[in-house]
Amino acid sequence: MKLRTFPQGVFLPHHKEDTAHLPIVRVPEPSRVVLPLIQHAGAPLKPLVNKGDTVKRGQKIADADAFVAAPVHAPLSGKVAGIEEWAHPTMGKFQAIVIENDGKGEEERYEPLPETIEDLEPERLRVFVREGGFVGLGGAAFPTHVKLSPPQGKSIDSFILNGAECEPYLTCDHRVMLERTEEMLLGLRIMVRACGAKRAYIGIEDNKKDCIDHVANLLRNFPIPAEVVPLRTKYPQGSEKHLILAILGREVPPGGLPLDVGVVVNNVQTAAALGRMARTGLPLVERVITLSGDCLNKRGNFEVPLGMLLEDLVDFCEGFTAPPRKIIMGGPMTGITQVSLAVPVIKGTSGFLFFRNAPKKREYPCIRCGRCVAHCPMRLLPYLLGRLAEESLFAEAEDNRVLDCVECGSCAYVCPAGIALVHLLKLAKFEVMRRKRGGK
Amino acid sequence: MEELRLVTSAPPHLKSPVTVPWIMQQVVFALLPAAVWGVVFFGPRLALPPLVLSVLACVGFEALDCLAFRRSLTVGDWSAVVTGMLLGLSLPPGCPFWIPLVGGGVAILLGKQMFGGIGQNIFNPALVGRAVLLISWPKIMATWYVRPAFVLQPAQAATYATPVDVVTSATPLGIVKAYGYPAVWETGPNLLFRLFLGLIPGCIGEISALLLLLGFLYLLLRKVVQWDIPLFYALGLSLVALLARQNPLFHLFAGGAIMGACFMATDYTTSPMTSRGRMIFGFGAGALTGIIRWLGGYPEGVTFGILTMNALVPLLDRMLPRRFGVKKA
């Protein structure tokens, strides 16, 4: 099997064996869910319900007029207990709609799509995607309909379905590719039709050989040109820019988007959820996540309602074998540490990892070994950018392309001196952007 | 549920197991075969004192510097041990005891600590120490003791009134400088073979190209160094040798070329950060080594060749790699 990949990057211990073989388990509805008014990259939403209202599963409860936004739907039927500030897994605290489960299981569904996707108007599909509240479920949570709407003058020739799942420990996409394949391929057809791509590719890393074979089998007699592309297991293979480079040999220009090189990329789980909505009419109200690490009693891949609280998930997993010192939402390379179990699952939650220990790597001065340069998938000089950030030389950092950084963390992973390189680069990016917007 | 004491930290939460001391220890391991061969070939009496004193001097002076300037002790990073090994291995066997002490002091204090310690220095500390010794005590640094059995046939040795412990000899590069390039080929058969294995007079740890290359191979396999600097060093040196109408293999295996290419020029701190920079750096250092040997006053050019290129590293580091998403840089 010929494997494709991109230059540089790192080979990581992927730790997927703990949960990769465990089928998706549906978690029972919790008594309460909490839905933050921001769960996507873009403008915050306004609630469409008030305290005391009853809501049905699938009912739209928050939306915004902004184009770059995705509505939120109630994941279970119940009563709005309040709209209040709540712990948010990536933003500290944020306004959220709290719904108490009434156990009635009442539902409100959209009209399903006919199976003849290729005959439908792309605009109708984009509206369908937007109304369904879809965002990239890989973690970046960018609204899907925006990606599927190429601006005037740009044309899309290729669609890539991202099944790389390059973050260690996470296996939810792996299971979705195996168990939700039909829905995923239906979702793929919808997205391909919506953006006008001529050809589809499904990129899967070769540590998921079962997925490569299974998906390739189901692609026989597929209505549109599509192929599975086996990828070499290397981090950050799932980064859009590097997936495009690996599969099509195209480089997204600095500051550009995949559509600048005629490509749209979306996550496999986004496609599966979209395919499910096309069949059932139920919008994005649940997702599959991985719960793993070294101190959870019951690890695995779980289908959970959005808004379910971490503490309820931990209870469902029968608690801890030892108290965790570090809890991460997402993968260990880019995930965010959590300070409480009160945070809800949001659309961008690919999983939670629980670790007994939080070791700290000893820090030394930079010895100029060049590992960060040799591994940076964007061909940056992280050692230099890190130093410029430390000395607040942000204009120089911009000249040295700090905005190209995709924040994958490869530099900080390989650094033998334990320097928090990617953190410094993010800081520099933030400052450069702030100054660009006219901040002082 | 009991109260959790959770730690927050910036991603990535995974870190590679490679650390600074581990890297330095690998370099020490890689130098051990050549060091052991030096002790075997020259005998412990000639080879051990310079080696041991050099390591002790480097570690000791770094510790003293840290104490004197009230900085936290840095000798635990093992980099002073590497400097001491490199310096000791590039000293002539049988040199006076104070040579490694002075060399180590200069290497660590002037070459490294004055710039701010590990990672901050412009010039390779071991080569700074060696250069100062070469310039200050040229005669000591060009006196090559070997065991008598190496140069004297038993019949010859019997002609001496009293048995001798050691005798001096000339290095191949010394012969080239003193008597011309053809003369070195008249010193005996299989010259290249003897150079490659290390059956020649020379610095303690620089004589066996084979063992140094084995050590370098170890570093390559452990992903501690990359191949680009040594390869381009060899290319630069070979090109100059060809221009001088001399055998490139002779120049690669004689003197400190392999040691310089594989262990001195590859020093992280004093070599460029990008692959392109390292290729230019290696080629330049190799070519300068050859030019000094061919046209210069010293028989050997490794030290000054590499030191000169060290000075160009900040410039080479200004070359950025091709930008992602842009056709030409």
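Residues numbered from 1 in each chain as written. Chains lettered and ligands numbered in written order. Predicted model: local features only at pLDDT ≥ 70, side-chain atom pairs only at ≥ 80, totals over all residues.

Caption draft 1: Spotlight on the overall build of chain A. Assigned secondary structure in chain A consists of 13 helices and 17 strands. By the compact-globule yardstick of 22 Å for 440 residues, chain A fits well, its C-alpha radius of gyration being 21 Å. A principal-axis box enclosing the C-alpha atoms of chain A has dimensions of 65 × 50 × 50 Å. Counting all 440 residues of chain A, 56% fall into the buried class. Put simply, 74% of the contacts in chain A that link residues at least 6 apart link residues at least 24 apart. (Helix = DSSP H or I, 4+ residues; strand = E, 2+ residues; numbered from the N terminus. Rg over C-alpha atoms; globule rule 2.2 N^0.38 Å. Buried ≥ 20, exposed ≤ 12 C-beta atoms within 10 Å, placed from the backbone. Contact = placed C-beta atoms within 7 Å.)

Caption draft 2: Representation of the UniProt feature "modified residue: FMN phosphoryl threonine" (unreviewed entry) in chain B. Residues and elements named next belong to chain B. With numbering aligned to this structure, UniProt lists the feature "modified residue: FMN phosphoryl threonine" (unreviewed entry) at Thr-171. Here Thr-171 shows up in the loop between β2 (167-169) and α8 (172-179). Leave out the neighbours within four places in its chain, and Thr-171 touches Trp-144, Ile-200, Pro-201, Gly-202 and Gly-255. (UniProt positions renumbered as here; feature names shortened; annotations may be inferred.)

Caption draft 3: Highlighting the sheet that holds strand β3 (residues 46-47) of chain A. Residues and elements named next belong to chain A. The strand order across the open sheet built from three strands is β3-β5-β6, with neighbouring strands paired in antiparallel fashion. The open sheet has two edge strands with one neighbour each: β3 and β6 (72-73). For strand β5 (residues 60-63) and β6, the ladder comprises two bridges, and the chain directions are antiparallel. The residue bridging Ala-62 from the neighbouring strand is Val-72, located in β6. (Pairing = 2+ DSSP bridges.)

Caption draft 4: How the structure looks around the packing of helix α5 (residues 125-136) of chain B against helix α16 (residues 302-316) of chain B. Residue and element names in this part refer to chain B. Relative to each other, α5 and α16 sit at 130°, their axes nearing to 10 Å. By the angle between their axes, α5 is oblique relative to α16. For the crossing formed where α5 meets α16, the hand is left-handed. Residues Leu-127, Arg-130, Ala-131 and Leu-134 of α5 touch α16, and the partners they reach there are Thr-303, Phe-304, Ile-306 and Leu-307. Its residues placed into classes, the contact of α5 with α16 shows six nonpolar, one polar and one charged. (Axes fitted to C-alpha atoms, helices over the stretch in contact; angles between N-to-C directions. Parallel < 35°, antiparallel > 145°, perpendicular 65-115°, else oblique. Left-handed = near helix turned anticlockwise from the far one by under 90°. Nonpolar A, V, L, I, M, F, W, Y, C, P; charged D, E, K, R; others polar.)

Caption draft 5: Inspection of the UniProt feature "transmembrane region" (unreviewed entry) in chain B at higher detail. As annotated by UniProt and renumbered to match this structure, "transmembrane region" (unreviewed entry) occupies residues 20-42, 48-68, 97-115, 195-220, 227-244, 250-268 and 302-320 of chain B. In residues 227-244 of chain B, helix accounts for 89% and strand for 0%; the two terminal C-alpha atoms are 26 Å from one another.

Caption draft 6: Quick peek at the sheet that holds strand β17 (residues 351-355) of chain A. Residues and elements named next belong to chain A. Strand order across the open sheet formed by six strands is β1-β14-β13-β17-β15-β16, with mixed pairing between neighbours. Strand pairing shows two members of the sheet lacking a second neighbour, β1 (25-26) and β16 (336-337), which therefore form its edges. In this structure, strand β13 (residues 286-293) lies alongside strand β14 (residues 300-305), joined through six bridges in antiparallel fashion. Paired with Val-288 across the strands is Glu-303, a residue of β14. Taken strand by strand, helix α3 (residues 172-179) contacts β13, β14 and β17, and its axis lies near 130° from that of β13.

Caption draft 7: The arrangement of the packing of helix α1 (residues 20-42) of chain B against helix α3 (residues 79-89) of chain B in detail. All names here are of chain B. In contact at an axis separation of 10 Å, α1 and α3 are set at 25° when each is read in the N-to-C sense. When the axes of α1 and α3 are compared, the pair comes out roughly parallel. When the axes of α1 and α3 are compared, the crossing they make is left-handed. Across the interface between the two elements, Met-24, Val-27, Val-28, Leu-31, Ala-34, Ala-35 and Gly-38 from α1 touch Ser-79, Val-81, Val-82, Met-85 and Leu-89 from α3.

Caption draft 8: Quick peek at helix α12 (residues 228-243) of chain B. Residues and elements named next belong to chain B. Here α12 is 16 residues long and its end C-alpha atoms lie 23 Å apart, about the 22 Å a rise of 1.5 Å per residue gives. What α12 keeps buried is the set Asp-228, Ile-229, Pro-230, Phe-232, Tyr-233, Ala-234, Gly-236, Leu-237, Val-240 and Ala-241. Phi turns positive one or two residues past the end of α12, at Arg-245, with a value near 55°. (Expected span 1.5 Å × (residues − 1).)

Caption draft 9: Spatial organisation of the environment of Asp102(A). All names here are of chain A. Within the secondary structure, Asp-102 sits in the loop between β8 (92-101) and α1 (122-131). Asp-102 sits in the partly exposed class, given 15 other C-beta atoms within 10 Å. Taking the C-alpha atoms as reference points, Asp-102 and Lys-79, 23 residues apart in sequence, are found 6.9 Å from one another. Not counting the four nearest positions on each side in its chain, Asp-102 is found in contact with Ser-77, Gly-78 and Lys-79.

Caption draft 10: Inspection of the domain arrangement of chain B at higher detail. All names here are of chain B. The domain architecture assigned to chain B consists of domain 1 (20-141) and domain 2 (146-191 + 227-315). Measuring from the centre of the C-alpha atoms in domain 1 to the corresponding centre in domain 2 gives 20 Å. Every element with two or more residues in the side of domain 1 that touches domain 2 is listed here: α1, α3 and α5. Grouping the constituent residues of the side of domain 1 that touches domain 2 by class yields 11 nonpolar, six polar and one charged. (Domains from an automatic or database assignment.)

Caption draft 11: Here's a closer look at the pairing of strand β2 (residues 32-36) of chain A. All names here are of chain A. Among the five residues in β2, four count as buried, and that is most of the element. Where β2 and β8 come together, five bridges link them in antiparallel fashion. Bridge assignment links Val-33 to a residue of β8, and that residue is Ile-99.

Caption draft 12: Structural context of the pairing of strand β11 (residues 226-231) of chain A. Residue and element names in this part refer to chain A. Of all six residues making up β11, five are buried, and the element is well covered by its neighbours. In this sheet, β11 lies alongside strand β10 (residues 199-205) in parallel orientation, the contact comprising six bridges. Bridge pairing in β11 links Gly-203 to Val-229. Note that the unit made of β10, helix α5 (residues 209-218) and β11 has a crossover that is right-handed. (Right-handed = clockwise from strand over helix to strand, strands pointing away.)

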